[in-house]
Structures are given as structure tokens and as C-alpha cells.
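# Structural description and commentary
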Amino acid sequence: MSAPAPIPPADITYMPGTTSNPFGYVAPMPKHLRESYLNFFSARFACANAKAMAHYHESMMGFRALARREMEKDRNRGLCAEVVQNGKITLEFVAPVMPAHREEGLKISDEEYEDLESVSLFLQRHGEGVMDVVFEVKKCKELYDWAIAHGAHSVAEPALRTDVYGSVLAATIRTYGDVLHTLVERIDYSGCYLPWYKPVETVVPINSDLSHTVPFVKIDHCVGNQDWNQMEGVCKFYARALGFHQYFTDDDYNVTTEYSALETTVMASENEKIKMPITMPAIGKRMSQVEEFVRYNNGPGVQHLALLTEDIVAAVTEMRRRGVQFIEVSPQYYVDLRDRVRDYHGPPIMENLDDIEALNLLVDFNKDGYLLQTFVKDHISSRPTAFYEIIQRRGAQGFGGGNFRALFESIEREQARRGNLHPHSGPQSQYPEEEKEGENRGRRRERTAHAAKQD
Ligand SMILES: O=C(O)C(=O)Cc1ccc(O)cc1
Ligand SMILES: [Fe+2]
């Protein structure tokens, strides 16, 4: 079957998310293909030291060592990898084991050399962070062909990978910045992760005590930060090339806190198990946290992975016990929370408000229920770039819109501590600094009205 012919970007209708417009970005990918995205498969991080990264995730976050690629006589000559897992969350840490320049006498295949070069380049440009958000799919080749025909950049054509445990078909395309999406289709694979990774049985002592588990379930969503004005183009890419659609929530994503501002559109796979919010800076009084990310990441990239749990009190209690620090929320938030709870009439709140306050969790309510969330204070690397969110849902399917103010104020306190809450340098930085809070929100409304008039 030959690939479909490329279609021009004009075939995508963009309409900002309103309840009168239940479609948002609409793309012509056939339904059977859209349905072939199953879930997040793993997140691959480019690392300087994959072993240290794995160790942090095991000892601090309760992940278990799952698999490894280590240097062998005729395999894994350029890169080594450690894979950890907690529930259905699988994280792979990949590190170069030699300099990325060819030397005589080094036994390394062309393919392994290319992989070494790409990880080394990612590290050089962005530091440690997520370089590949891997999706499990049913029709790898068809999805890949569609994506390429609709403007995606190919990194690796579909190829069968086989070891004694069976085969997977995998292909890789590029998304925003230098971030990749690998599409993995299990053919008959029964190994622990992917072909040629060896299972690892060793357990760090703290994880062998079953009364101290951190109960994660799966990746809930994965946020991608973009540069100024780049959100729409990236969302259109997800619609046109990947067949994703806009996911509506009642969150108000035009957040202008005292200083920084941002905008988000959530893109999701057909089954909505893969949610990829796309965020960009907006005009505020000071540098947006998104702008800070883009500056220190040297371009767009994955900002946070949200890890879903069914018991956030247990998960955060145990992570704190292990030494993980979380964002700090003002005591006033919990005074207000007790008022908000009184006005809430959805499914009953199962958690104790004193526990919620003691752990500094954030709570958001809507008509379907509520969600609890918090954010790890430290970034994953030494740069102020990617970090983790911990989230529990009890009905509510949003992203914590009611917490954005408290959250962003907390994030901004850290940003100020780093000396990065200075005037922003966006395309609109000629705007006077005393620009009124909330003005950005008005501007978005004008644009929305304008876009609606156009069709
Ligand atoms: O939207 C989400 O997924 C959130 O968890 C909230 C959020 C949005 C943007 C940020 O820079 C930080 C947090
Ligand atoms: Fe999030």
C-alpha cells in the first residue's frame, strides 16, 4: 500500500476550545488509524549517567529496575540504558558511553553510531531530559506512513526488532524541538521491555520492604513547552500528522498570575489515553515559567510528566519519607479549600483534609468530581527544565485549573529564587511593564472571537 499524498495545512480547521465547538482541531485521519494509538509505552531520557538516574528513580520514587542494555562484545558499543518501572510507567535512561566521533578500531555498527550521535547531540543541546515519548500502537507502519505523508520528519523507518522473546515493529518520527515519538507495535513480544534489553532482578533495599511502596499506575499526561506563538502550529501537527484531537476541559488555561503567564491546548489520541498538553508563554509582567524552560532547555521540550496514582496520600507520604521535596503551598490555600469543599456537591471527598494540608496537596473540583495533585520541587536535571507531577483523579478529567494560581505562585517563588523572574523577552516585550494583569486574557478572547467570525 502506498502512502497517502501530502495534504496542505489548510485542511486543518482550528477553532479554539468552546462548548459550542466540540471538535477543535479536526484532522482527516481515518478512524481505524486514529484508534490504533493505545497508550504511553515509555519515556526515554537522554542522560549523562543513566545508572545514577535509575538509582534516583528507584530509591526516591519507588521505581523497580526492569531491564538494561550494557556494553557487550558486539552490541551496545555506543549507548547503554537502564529501564525502570512502577505500575505501567516505564522510564528508560540512555547514556553515551564513548565520545561521538568515529575512531579507528572501535567496534561499532553504523546504526549504533547514529544512535550515539543523536543522544550526544540531544545532551549537548538540551541537557538531560525526555528525548522520546514512546507510544504503543496497533498499526505502526500505517501510522508512520500517514505521519510522514502529512509533514512529519522521519527519524527511523518501521523496522522489525526481534530477539528470543519475539518481535516488535518500531518507527520514529520527530515532534516539537528535538523530541521524538517512537511508535511501538507488539507483534508477539513477551520479553520484559524491548528486544535486546536484558531483565534486571536487583532491588534496592528500600524497595524490598513492601510496606514502603509508591503506588503509581500510569503516565496521565505529558506536557510540551513551546516558544512564543508556537502552540497552534504544534497542535496542528498533532492533528494532521498523528490524528490527535483537541481535548476539552473546563480549565481556564490563560493564566496570568502576578508575574508570569502561559497558554495551553491539550491534544489527545482518539481513545484519550494519550494526552499531550501543548503550552507556550503568554504576556505577563515577568518572564513566564515556560519562557524560562525554553531558555534553559535551549528550545521546546517535555516540561512535565504527570504520574497517575490511585492513592496520592500514600504515594506522596512515602516519597517524602524517602526525601523527595514537593512545592510549598500557602496556609491560606487550605483555609480557602475548606470553604471550597463546603460549596462542592460532587462525589464525596475520601481523603482527610488535614492529610491533604500536611502533604501540601492541591485539590480541584468540577461537576464530575475532583482531582488531587502536587509537583516535585526539584527538576529532574540540574537545569530548571523538566519535572514530575503526581496526580490522582476521582472523576475530574481536567488538569487542575482551579489550582493554577496557587501552583504558579509557588513555581514563581522558586523561579525568583533562581533569579529568573525578570522582565520577559517575548515578541511583545516592548509592551510597558505596568501592563495590567488579565489583559492577556482579554487579548485571547479577541482572537477567539476573530477566529470564530472567520468561518
Ligand atoms: O496543565 C497541566 O498539566 C498542569 O499540571 C498545570 C501546569 C501547567 C503549566 C505549567 O507550566 C505547570 C503546570
Ligand atoms: Fe499536568
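Only a predicted model underlies this, so the values are computations on that prediction, with no experimental measurement involved. (Residues numbered from 1 in each chain as written. Chains lettered and ligands numbered in written order. Predicted model: local features only at pLDDT ≥ 70, side-chain atom pairs only at ≥ 80, totals over all residues. Heavy atoms only, no water.)

Here we come to the coordination of the iron ion (ligand 2). His-221 (NE2), His-304 (NE2) and Glu-389 (OE) make up the full set of protein donors to the iron ion (ligand 2), lying at 2.0 to 2.2 Å. Ordering the donors of the iron ion (ligand 2) by residue number gives the pattern H-x82-H-x84-E. Here the residue His-221 occupies a position in strand S10 (residues 216-225), and Glu-389 occupies one in strand S18 (residues 387-394), the gap between them amounting to 168 residues. Pair check on accessibility: His-221 and Glu-389 agree, each one buried. (Donors = N, O, S within 2.8 Å, 3.2 Å for Na, K, Ca; no water. Helix = DSSP H or I, 4+ residues; strand = E, 2+ residues; numbered from the N terminus. Buried < 20%, exposed > 50% of the residue type's maximum accessible area, 1.4 Å probe, protein only.)

Among the nine residues in helix H7 (residues 289-297), seven count as buried, and that is most of the element. Considered for burial, the residues of H7 that qualify are Gln-289, Val-290, Glu-291, Glu-292, Phe-293, Val-294 and Asn-297. The N-cap residue of H7 is Ser-288: its side-chain oxygen and the backbone nitrogen of Val-290 are 3.0 Å apart. Taken from the residues just after H7, Asn-298 is the one with a positive phi, measuring 60°. (Polar contact = N/O pair within 3.5 Å; in protein donor to acceptor, adjacent residues only side chain to side chain.)

All right, on to the packing of aromatic side chains then. According to the stated counting rule, one finds 17 aromatic pairs in the structure shown. Aromatic side chains Tyr-37 and Phe-244 sit 5.2 Å apart centroid to centroid with 85° between the ring planes, which places their arrangement in the edge-to-face category. Within this pair, whereas Tyr-37 is found in strand S1 (residues 37-46), its partner Phe-244 is found in the loop between helix H6 (231-240) and strand S11 (245-246), the two being separated by 207 residues in sequence. The same class applies to Tyr-37 and to Phe-244, which are both buried. Taken together, Tyr-37, Phe-40, Phe-135, Phe-237, Tyr-238 and Phe-244 form an aromatic cluster joined through their ring pairs. In this structure, Arg-393 packs its charged tip against the face of Phe-399, placed 5.6 Å from the ring centre. (Phe/Tyr/Trp six-rings, centres within 6.5 Å; stacked < 30°, edge-to-face > 60°. Lys NZ or Arg CZ within 6 Å of the ring centre and 35° of its normal.)

Moving on: the nonpolar core. Phe-45, Leu-91, Phe-135, Tyr-238, Met-276 and Leu-305 are the most contacted members of the largest nonpolar core, which has 91 residues in total. It is H6 that contributes the most residues to this core, six residues altogether. Residues lining this core come from more than one domain, with at least three contributed by each of domain 1 (31-207) and domain 2 (216-418). What Tyr-238 contacts, discounting residues up to four positions off in sequence, is Thr-175, Tyr-176, His-181, Gly-243, Phe-244, Met-267, Met-276 and Ile-278. The next biggest cluster of nonpolar side chains, apart from the first, holds 25 residues, and it includes Ala-67, Val-94, Leu-180 and Val-184. (Core = buried A, V, L, I, M, F, W, Y, C linked by side-chain atoms within 4.5 Å. Domains from an automatic or database assignment. Contact = heavy atoms within 4.5 Å.)

Moving on, we get to the environment of Arg-34. The residue Arg-34 is located in helix H1 (residues 31-34) in this model. For Arg-34, a relative accessible area of 19% puts it in the buried group. Contact partners of Arg-34, with chain neighbours within four places excluded, come to Met-29, Gly-243 and Glu-270.

The subject of this paragraph is the domain arrangement of the chain. Per the domain assignment, the segments of the chain are domain 1 (31-207) and domain 2 (216-418). The centre of domain 1, based on its C-alpha atoms, is set 26 Å off from the matching centre of domain 2. Taken together, the contacts link 46 residues of domain 1 with 44 residues of domain 2. Between domain 1 and domain 2 lies a buried interface of about 3,600 Å² when both sides are counted; carbon and sulfur atoms form 64% of it. Looking at the side of domain 1 facing domain 2, the largest losses of area belong to Tyr-37, Phe-40 and Tyr-176, adding up to 21% of the total buried there. Between domain 1 and domain 2 we count one salt bridge in total. The shortest N-O distance in the salt bridge between Arg-34 and Glu-270 comes to 2.8 Å. Ranked by the residues each element gives to the side of domain 1 that touches domain 2, the list is headed by helix H2 (residues 50-61), at seven residues. Residue composition of the side of domain 1 that touches domain 2, by class: 23 nonpolar, 15 polar and eight charged. (Buried area = accessible area lost by both parts, 1.4 Å probe. Salt bridge = Lys/Arg side-chain N within 4 Å of Asp/Glu carboxyl O. Nonpolar A, V, L, I, M, F, W, Y, C, P; charged D, E, K, R; others polar.)

Before going further, it helps to spend a moment on the pattern of salt bridges. Any two side chains of opposite charge can pair, so long as their charged atoms come close to each other. Under the definition given, this model contains 24 salt bridges. Across the pair Arg-44 and Glu-92 runs a salt bridge whose closest N-O atoms are separated by 3.2 Å. Placement of Arg-44 in strand S1 and of Glu-92 in strand S4 (residues 89-96) is noted, with a sequence separation of 48 residues between them. A salt bridge links Asp-339 to Arg-342, with the nearest nitrogen and oxygen atoms 2.7 Å apart. Placement of the pair is Asp-339 and Arg-342 together in helix H9 (residues 331-342), with a separation of three residues, close to one helical turn. The exposure class assigned to Asp-339 is partly exposed, which follows from its relative accessible area of 39%. With a relative accessible area of 59%, Arg-342 lands in the exposed category. Several salt bridges share partner residues, and in doing so they unite Arg-44, Glu-92 and Asp-132 into one network.

With that out of the way, let us pick up H6. Counting buried positions over the 10 residues of H6 gives seven, a clear majority of the element. All of the buried residues in H6 are Met-231, Val-234, Cys-235, Phe-237, Tyr-238, Ala-239 and Arg-240.

Attention shifts here to the pairing of S4. For S4, the tally of buried residues reaches seven of eight residues, placing the bulk of the element in the interior. Here S1 runs beside S4; their pairing, made up of four bridges, is parallel. Bridge pairing in S4 places Ala-43 opposite Leu-91. Pairing of strand S3 (residues 79-86) with S4 involves eight bridges; the strand directions are antiparallel. Counterpart to Val-84 in the pairing with S4 is Leu-91. Two successive antiparallel strands, S3 and S4, enclose a turn made up of two residues, where Gly-87 displays a positive phi of approximately 60°. (Pairing = 2+ DSSP bridges.)

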